[in-house]
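One letter stands for each residue in the lines below.
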Amino acid sequence: MDLQNREQFLTKLAKRMGKSTWQTSPEPMPKLVNNYPMTRLTDLTQEQLCDEFINFAKVMMADVMVAQESAIEQAIIEICEKYGGGQIILNNDPRLADLGVISAIEGKYDHSIWDETKGESNIKYAEKANIGIVYGEYGLAESGGIVLFSDKQFGRSVSLLPEKSIVVLRKSRVLPRVAQLAKILDDKAKQGERMPSCVNIISGPSATADIELIKVVGVHGPVSKIYLVIDDL
């Protein structure tokens with residue numbers, strides 16, 4: 001199509017769409033009626049945000065346990081016992097080690113720690129593991145969702161493949177909603193920080209309601225999602 005025919009074609013197309021002429025730049029965005037995407041829930045205190053997060057997580061069928069940092073080792077054992085123990089896989093996360101989670105598991109259960117040098121064997125172990133344990137980057141009050149960052153030491157399989165998934169999260173890391181998470185990631189990118197290879201936002205156990213709106217849990221992932229929330233406020 002030569003330039004003249006292109007102009008005629010686009011002009012004709014624009015008229016069919018109710019426009020006097022075609023344009024190469026988008027029309028300006030209309031003025032926003034409100035700024036709820038950025039401001040909703042931001043008026044709450046951190047404690048109130050955590051209450052919203054926990055309440056919504058329970059609605060999404062997640063099990064929530066709150067514990068002081070000094071009691072995390074005992075709490076993780078109680079959760080593992082409640083959900084059947086068995087084989088457990090953990091991310092190679094220094095934050096889990098600092099909390100005593102890894103040492104607590106090492107002394108009691110058959111376990112594996114994600115090792116980037118082991119390749120597919122990590123995934124194979126995760127497939128047959130009963131429980132996976134990860135450390136959550138953030139919680140989202142609006143949805144009860146957990147934010148996980150992936151890198152070579154934090155395998156996505158640890159939270160997605162075992163039948164039960166435990167996420168350790170600090171109350172101080174609960175955000176109002178995904179807009180604040182996007183701002184954090186944007187700031188990281190602008191500062192030249194290394195970005196996570198994948199950002200997962202997970203709200204409760206896997207489920208679907210595609211068939212006649214009947215909710216079925218555990219179709220394509222963990223049957224149980226457990227949040228161990230550290231009260232550090």
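Quick notes on the rules
- Residues numbered from 1 in each chain as written.
- Predicted model: local features only at pLDDT ≥ 70, side-chain atom pairs only at ≥ 80, totals over all residues.
- Heavy atoms only, no water.
- 1 Å grid on protein atoms, 1.4 Å probe; cavity = no way out; pocket = protein on both sides within 12 Å on 5 of 7 lines; lining within 4 Å.
- Points joined across faces, edges and corners; volume = space filled by probe spheres on them.
- Nonpolar A, V, L, I, M, F, W, Y, C, P; charged D, E, K, R; others polar.
- Patch = residues over 30% accessible without salt bridge, like charges linked within 9 Å, V, L, I, M, F, W, Y side chains within 5 Å.
- Areas by Shrake-Rupley, 256 points an atom, 1.4 Å probe, with all protein chains shown as cover.
- Salt bridge = Lys/Arg side-chain N within 4 Å of Asp/Glu carboxyl O.
- Helix = DSSP H or I, 4+ residues; strand = E, 2+ residues; numbered from the N terminus.
- Buried < 20%, exposed > 50% of the residue type's maximum accessible area, 1.4 Å probe, protein only.
- Core = buried A, V, L, I, M, F, W, Y, C linked by side-chain atoms within 4.5 Å.
- Contact = heavy atoms within 4.5 Å.
- Polar contact = N/O pair within 3.5 Å; in protein donor to acceptor, adjacent residues only side chain to side chain.
- Pairing = 2+ DSSP bridges.
- Axes fitted to C-alpha atoms, helices over the stretch in contact; angles between N-to-C directions.

The name recorded for the protein chain in an unreviewed UniProt entry is Lactate utilization protein C, from Rodentibacter heidelbergensis.

1. Regarding the layout of surface pockets
By volume, the largest pocket amounts to about 340 Å³. The wall of the largest pocket is formed by 16 residues, among which Phe149, Ser150, Asp151, Arg194 and Pro196 lie closest to the centre. Tallied by class, the residues present in the lining of the largest pocket amount to 5 nonpolar, 3 polar and 8 charged.

2. What about a nonpolar patch on the surface?
On the surface, Phe9, Leu13 and Met17 cluster together to form a nonpolar patch covering roughly 320 Å² of accessible area. The topology assignment puts Met17 in the loop between helix 1 (3–16) and helix 2 (36–39). When its relative accessible area of 58% is taken as the criterion, Met17 is described as exposed.

3. Structural notes on empty space enclosed by the protein
If a probe the size of a water molecule is rolled over the atoms, the empty space left behind becomes visible. Evaluated as defined, the whole model comprises 1 cavity of 30 Å³ or more. Reported here for the largest cavity is a volume of approximately 80 Å³. Lining the largest cavity are 14 residues, with Asn91, Val134, Leu148, Phe149 and Phe154 positioned closest to its centre. Of all the secondary structure elements, the ones that give two or more residues to the lining of the largest cavity are strand 4 (131–135) and strand 6 (145–150). Among the elements that line the lining of the largest cavity, the one with the most residues is strand 6, at 3 residues.

4. Re the nonpolar core
In this structure, Ile76, Cys80 and Ile133 are the most contacted members of the largest nonpolar core, which totals 25 residues. Of all the secondary structure elements, the ones that give two or more residues to this core are helix 4 (72–82), strand 2 (88–90), helix 6 (101–106), strand 4, strand 7 (164–170) and strand 12 (224–230). Broken down by element, the residue count for this core peaks at 6 residues, all from helix 4. Setting aside residues no more than four positions away along its own chain, Cys80 makes contact with Gly85, Ile88, Ile105, Tyr109, Ile131, Ile133 and Ile166. One finds Ile54, Ile89, Tyr125 and Tyr227 within the second-largest nonpolar core, a separate group that totals 24 residues.

5. Some words on unusual backbone geometry
Positive phi, normally seen in glycine, also occurs at Leu41, with a value near 75°. Structurally, the position occupied by Leu41 is in the loop between helix 2 and helix 3 (46–59). Although it is not a glycine, Met61 adopts a positive phi angle of roughly 70°. Relative to the helices and strands, Met61 is located in the loop between helix 3 and strand 1 (63–67). For Met61, a relative accessible area of 44% puts it in the partly exposed group.

6. A short note on the side chain of Glu137
Checked against the element boundaries, Glu137 lands in the loop between strand 4 and strand 5 (138–140). Classification of Glu137 by relative accessible area gives buried; the value is 7%. A polar contact is formed between the side chain of Glu137 and the side chain of Arg95, at a distance of 2.8 Å. Leave out the neighbours within four places in its chain, and Glu137 touches Arg95, Val147, Leu148, Phe149, Phe154, Leu169 and Arg173.

7. Section: the sheet that holds strand 4
Overall, parallel pairing links the 6 strands, which are arranged 1-12-7-4-2-3 in an open sheet. Each edge of the open sheet carries a strand with a single partner, namely strand 1 and strand 3 (111–113). Adjacent strand axes in the sheet meet at a mean angle of 20°, parallel and antiparallel pairs treated alike. Relative to the sheet, helix 3 contacts strand 1, strand 7 and strand 12, its axis offset from that of strand 1 by approximately 150°.

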